[in-house]
Amino acid sequence: MDLSKIAVSINKAINTQEVAVKEKHARTCILGTHHEKGAHTFWAAVNRLPLSSNAVLCWKFCHVFHKLLRDGHPNVIKDSMRNKADLTDMSRMWGHLSEGYGKLCSIYLKLLITKMEFHIKNPRFPGNLQMSNRQLDEAGENDVNNFFQLTVEMFDYLECELNLFLGVFSSLDMSRSVSVTAAGQCRLAPLIQVILDSSHLYDYTVKLLFKLHSCLPADTLQGHRDRFQEQFKKLKSLFYRSSNLQYFKRLIQIPQLPENPPNFLRASALSEHISPVVVIPAESSSPESEHVVETDDLVDTDVPVLPAPVETKFDDLFGTSAAIDPFNFNSQNGMRKDDKDRLIEQLTKENKALKEELVSFRLESGRLCQALRGRINELEAELAEQSHLRLQAAGESEFLRAELDDLRRVREDTEKEQRSLTEIEKKAQANEQRYTKLKEKYTELVQSHADLLRKNAEVTRQMTVARAAQDEVEEVRKEMQEKVKIAQEAADRQERDQLQQLQELQRELVSSRADLDSLKTIMASSQQSGEVLITQLATLESTNAELVQFLSKVESELVVRGEELERVQSSLASERESGVKTAEALQNQLNEKESREQALESQLVAARWSSLQGAVEEAERIIQDSLVQIDDPAHISCTSSADYLASRCKASLDCMDRLHSAREAFVADSTGVSELVRVVTQCGHLVGDTIVQGSATSHMVPVEQADALSESVKACGAEALALLGQMKEQDSLATADSCKLKAALEAILSTAEKLRPRGLELQQGELGDLVEQEMAATSAAVESAATRIEEMLNKSRAVDTGIKMEVNERILASCTELMQAIKQLILSSKDLQRDIVESGRGAASMKEFYAKNSRWTEGLISASKAVGWGATVMVDAADLVVQGKGKFEELMVCSHEIAASTAQLVAASKVKADKDSANLHRLQQASRGVTQATAAVVASTKSGKSQIEETDTMDFSSMTLTQIKRQEMDAQVLVLELETRLQKERERLGELRKKHYELAGVAEGWGEEEEGTG
């Protein structure tokens, strides 16, 4: 295929027209990737397009690219990963637009990036995601961790698909038939690829979740189930909405998901799961031909041909002659006019009836045609679905048959390999034995050969000695022959030269002959010895020849044995090599598995450490937030007790011990990270609460103790942050020291213990009697106060007149109403306490109950004292106000104090009461009556004060400049004095409240540890 043609098709498929991508251009692009085995041409053409400046162009690029990832060559994904960064930047750029194609392009690009990353991480999955169950199991390598991670990646993948689905539907106006417009089809066309991907992802997710539930506990997979439920609802809704669009009805058959999601907690539910099948009819037209609805699908309104019986009906009624000449003008010349009119009317009626029947017949035939066409379409769809199912079943059958054949072949190959391996092992053992025997024989031959070589060397040495002796004899003989020749020559010369010395020569000759005889004797003996040596040499040479021949035989046999040994060694080496290769393959698989296990172990260790770091960071944030809170000015109004602070310190110290144990356990075994994470988080909360409560407690103690407690709290926070900082680092986790933090907490606990007040140490009988005495004293004080107010009211009526009498009467009347409300409150409190004692004491006496619940009892005593004292003080203040000697402000303060005391009494009474108790409801009603009466006292007091006080007119008209300046200076001096006095009184009020806190603690026994507190 020509690359230029591919580039042209790419440019035609990706253009700026808002219409769907033509199928033929997309098909050409797909075929081009298979032709060049990659996507180089595609990206070369796309990189020249202005995708970042035209949203429609980018949308159509995403559609074509999605088709290539699904149906293109497998190398398309690898070639496209080089452009991942550009696609990410383009997605981020289009994401700034909130509507139109820009937002859709951003979502689509994220989907394509996710798809590429998924296929790179899981190369076993093809681009179209079509896999069998066996291939799906192989993709997870039968490892539950791989299946767990694969399910998470499929959830992310399907989430991107659903986001694009929702984005496209939200951008369309579903109130109009957008699916038959070019712009609507341009947005809907890519959803076909999304539907194909989503159906497979849903199917695989269901199967993987069933597999995970068979291996892991249900609680571990709760997050998976929740995420699947959410995606199931979205996918079902989107499939249903898509199946109702006219655009998809002729292009694709969208499956419908079941009414309810699968129940993964029931393993048998897997057999009920039906994989969704998306059917694309073979006769479906391409999207570009679906711009408008075809007229062939509409109802045929053409007039049908009149049937033969209707045409001949007129002839049946009037005959053929009537059909030719219906009015028979040729034979009715004498007929009357009325008969003609009657005949015309009759024929007109018949014609009208025939027309009506024709119209009804046409309508009926049109309805029948429309119904038949609808039935034909339904049957065609069913036929296509059945054909697809048949093809799918045939394909699965073929695949299973092929898989069965493969398994059989694999089993046969395995059996053959097993048999061959057994034979090879037997041969190897036989060869090993033969090799051992040959090695022993070879050792013997080498030893015999060495012996023969040593013997040969000895014989050669002896031959050398014999030859040396023979050479010496030859030399002696030659030497004697030369001497004889010299002697003969000398004798001849002497015989010729000295005849006169014949006598001497004869004597010399005799002597010479004697010498010669001796020499001959020596020579004969030498020859005899030489012959013996020659005989020995011949014998040695024959022996040597035999040895040489035997040696040659041995060497030839050694050569044969060596060749056979080489063949055995070569076969054994080949067998060893195959065995080594098999062992190497098994070792490689083992190494790969070990590497995967190590990688998973490292990931698990990293996950554990990250979870621990997250817990430590969370604890740091909690403690830092606590330190910030104690420096917040708004925290000054917060208060707490020393008892509660001590309990928080003890809880923190216990948590520190558990933290030390959990840290040592984690250092010894890193798998126990969950306990350390829980303890770190709990420790952070407890230490942070201790810091906040310590700062709140410092607001209620003297200044010196408050400063010391604040410093201890801040030091505790600093030590806690230092300890957590050491635990964040893996190197310093084992050496992290918590002793300093424990010391800081113990210092806070010691300070809290010092601040805890000491009780009155009453006996059991004294507590019960004291409760009754205080309640009786309070009732008596209230009765006395009511009597005194009545007396003051009568006295004021007798003495005062005018506005003063009116003011006094109103104030004393409101005080009387307050006393009556307090009296009713005390009676309700007594009834409620009686119910509490009766319901809670069991077989014990009332005094024992009060003693057992001493803290609650002391609260009742304190509240009763405060109410009685407040009533007495209020009566005194009212008496002074009526006499004109007191201040209205004192009366208002007393009213507020009584309201606070009654609230304390109500709280102490109902702390152990049943919430459905009738006496509790009456007590609450009485408390509200006291509150209203207190408000009435304060209101009447303020009203009376405004009526009695006289205001100056502030007339400065007659003053001079000097007088006004003088009074202005006096007013400024008075203002400064009043401000200074106000500041001092506020400080004095703070000290009084702190002292009241200490004395109340001592009086009520807050420092004692009692059982049975409510």
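Since the model is a prediction, treat every value here as computed from it, not as a measurement.

What counts and how
- Residues numbered from 1 in each chain as written.
- Predicted model: local features only at pLDDT ≥ 70, side-chain atom pairs only at ≥ 80, totals over all residues.
- Heavy atoms only, no water.
- Helix = DSSP H or I, 4+ residues; strand = E, 2+ residues; numbered from the N terminus.
- Buried < 20%, exposed > 50% of the residue type's maximum accessible area, 1.4 Å probe, protein only.
- Contact = heavy atoms within 4.5 Å.
- Areas by Shrake-Rupley, 256 points an atom, 1.4 Å probe, with all protein chains shown as cover.
- Core = buried A, V, L, I, M, F, W, Y, C linked by side-chain atoms within 4.5 Å.
- Expected span 1.5 Å × (residues − 1).
- Phe/Tyr/Trp six-rings, centres within 6.5 Å; stacked < 30°, edge-to-face > 60°.
- Lys NZ or Arg CZ within 6 Å of the ring centre and 35° of its normal.
- Axes fitted to C-alpha atoms, helices over the stretch in contact; angles between N-to-C directions.
- Parallel < 35°, antiparallel > 145°, perpendicular 65-115°, else oblique.
- Left-handed = near helix turned anticlockwise from the far one by under 90°.

Caption draft 1: Here's a closer look at the overall build of the protein. Check the secondary structure of the protein and you find 28 helices and 0 strands. When each of the 1014 residues of the protein is scored for burial, the buried share is 35%. When contacts within the protein are restricted to residue pairs at least 6 apart in sequence, those whose partners lie at least 24 apart make up 80%. Summed over all atoms, the accessible surface of the protein reaches about 60,000 Å², with 54% contributed by carbon and sulfur.

Caption draft 2: Expanded view of the nonpolar core. Counting 93 residues, the largest nonpolar core has Ile14, Phe42, Phe61 and Phe125 as the members making the most contacts within it. At 13 residues, the largest contribution of residues to this core is made by helix H11 (residues 191-213). Non-local contacts of Phe42, meaning those with residues more than four positions away in its chain, are made with Ile10, Ile14, Glu36, Phe61, Val64, Phe65 and Leu68. Ranked by size, the runner-up nonpolar core spans 45 residues in total, among them Leu627, Val679, Val680 and Cys683.

Caption draft 3: Spatial organisation of helix H2 (residues 23-36). Taking 1.5 Å of rise per residue, 14 residues should cover 20 Å, and H2 covers 20 Å from first to last C-alpha, within 8% of that figure. Listing the buried residues of H2 in full gives His25, Ala26, Thr28, Cys29, Ile30, Gly32 and Thr33. Buried residues along H2 sit in contact with helix H1 (3-13), helix H4 (55-71) and helix H5 (75-80). Lys37 lies just past H2 and shows a positive phi near 55°.

Caption draft 4: Looking closely at the packing of aromatic side chains. Tallied over the entire structure, the rule returns 18 aromatic pairs. Between the aromatic rings of Tyr247 and Phe248, the centroid separation amounts to 5.4 Å while the plane-to-plane angle is 65°, which identifies the pairing as edge-to-face. Residue classification places Tyr247 among the buried positions, given a relative accessible area of 2%. Phe248 sits in the buried class, given a relative accessible area of 1%. Here a set of aromatic residues connected by ring pairs shows up, and it is made of Tyr202, Phe210, Phe228, Phe232 and Phe264. It is Arg187 that lies over the ring of Tyr101; its NZ or CZ is 4.4 Å from the centre. The aromatic ring of Phe147 is capped on one face by Lys211, whose charged end is 5.5 Å from the ring centroid.

Caption draft 5: A look at the packing of helix H18 (residues 642-668) against helix H20 (residues 703-728). One can describe the packing of H18 onto H20 by two numbers: an axis separation of 14 Å at closest approach and a directional angle of 20°. Put simply, H18 runs roughly parallel to H20. As H18 packs across H20, the resulting crossing turns out to be left-handed. Contacts between H18 and H20 involve Leu645, Met656, Leu659 and Arg663 on the former and, on the latter, Leu709, Leu723 and Met727.

It is worth stressing that arrangement in space is one thing and function is another; only the former is reported here.
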